[in-house]
Amino acid sequence: MWVFTVDCSAVDATAVPGASAPRDNAVPEFLLTATATRGSGVFDSVSYVQRLNTRGGLAPSGACSQGAQIGVDATVRGLS
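Predicted, not measured: the structure shown is a model, and the values here were computed from it. (Residues numbered from 1 in each chain as written. Predicted model: local features only at pLDDT ≥ 70, side-chain atom pairs only at ≥ 80, totals over all residues. Heavy atoms only, no water.)

Participant: I would appreciate a short explanation of the confidence of the model for the protein chain in the present structure.
Facilitator: Low-confidence regions, as indicated by low pLDDT, have predicted coordinates that should not be scrutinised in detail. In the predicted model, the protein chain carries a mean pLDDT of 91, and 98% of its residues have values of at least 70. The secondary-structure element of the protein chain with the lowest mean pLDDT is strand E5 (residues 74–79), recorded at 81, while strand E3 (residues 26–38) shows the highest, at 95. (pLDDT = per-residue confidence, 0-100. Helix = DSSP H or I, 4+ residues; strand = E, 2+ residues; numbered from the N terminus.)

Participant: Explanation requested: unusual backbone geometry in the structure shown.
Facilitator: With the exception of glycine, the majority of residues adopt a negative phi angle, and the majority of peptide bonds are in the trans configuration. One non-glycine residue, Asn25, adopts positive backbone phi at about 55°. Mapped onto the fold, Asn25 is located in the loop between strand E2 (10–23) and E3. Asn25 gets classed as exposed once you look at its relative accessible area, which sits at 66%. Even without a glycine there, the phi angle at Asn53 is positive, about 50°. (Buried < 20%, exposed > 50% of the residue type's maximum accessible area, 1.4 Å probe, protein only.)

Participant: What should I look at first to understand the pattern of salt bridges in this one?
Facilitator: Two side chains of opposite charge can pair, provided their charged atoms sit close to one another. Overall, the coordinates contain 2 salt bridges when judged by the stated rule. A salt bridge links Asp12 to Arg38, with the shortest nitrogen-to-oxygen separation between them at 3.0 Å. Linking Asp12 in strand E2 with Arg38 in strand E3, this pair joins segments that are 26 residues apart in sequence. The class of Arg38 is partly exposed, set by a relative accessible area of 35%. (Salt bridge = Lys/Arg side-chain N within 4 Å of Asp/Glu carboxyl O.)

Participant: Honestly, the environment of Asp44 in this entry has me stumped. Any pointers?
Facilitator: You can see Asp44 is positioned in the loop between E3 and strand E4 (48–56). On the accessibility criterion, Asp44 (35% relative accessible area) is partly exposed.

Participant: When you look at a nonpolar patch on the surface in this model, what are you seeing that I'm missing?
Facilitator: On the surface, a nonpolar cluster with roughly 270 Å² of combined accessible area is contributed by Phe4, Val6 and Val42. Relative to the helices and strands, Phe4 is located in the loop between strand E1 (2–3) and E2. (Patch = residues over 30% accessible without salt bridge, like charges linked within 9 Å, V, L, I, M, F, W, Y side chains within 5 Å. Areas by Shrake-Rupley, 256 points an atom, 1.4 Å probe, with all protein chains shown as cover.)

Participant: Looking at this structure, I do not really get the pairing of E2. What am I missing?
Facilitator: Each regular strand displays side chains that alternate between the two surfaces of the sheet. Across 2 bridges, the pairing between E1 and E2 is antiparallel. If you follow Trp2 over to E2, its bridge partner there is Val11. Between E1 and E2, which pair antiparallel and follow one another directly, the connecting turn spans 6 residues, one of which, Cys8, has a positive phi of 65°. Between E2 and E3, which pair antiparallel in sequence order, lie 2 residues; one of them, Asn25, sits at a positive phi of approximately 55°. (Pairing = 2+ DSSP bridges.)

Participant: Please clarify how the side chain of Ser9 should be interpreted in this entry.
Facilitator: Along the polypeptide, Ser9 turns up in the loop between E1 and E2. Within the structure, the side chain of Ser9 is placed 2.7 Å from the side chain of Asp7, a separation counted as a polar contact. Polar contacts involving the side chain of Ser9 include one to the main-chain amide nitrogen of Val42, which spans 3.3 Å. (Polar contact = N/O pair within 3.5 Å; in protein donor to acceptor, adjacent residues only side chain to side chain.)

Set out below in structure tokens:
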């Protein structure tokens, strides 16, 4: 679910089969179809969500410690 914090509108979405594209050293690009929207605002009439031009965003390799947090740089262009 994506929520726009300015107007509190939201969209739920599910993956479109076959519409995911792996990227080297980055989270995959994908196409989602909206399954529900809530509120009046930016997301109230969204039909699809697309993630494009991804760079980074992968989980770090190696072991993790309980309670530890780490930031991961990512650049993503999202369309709705």
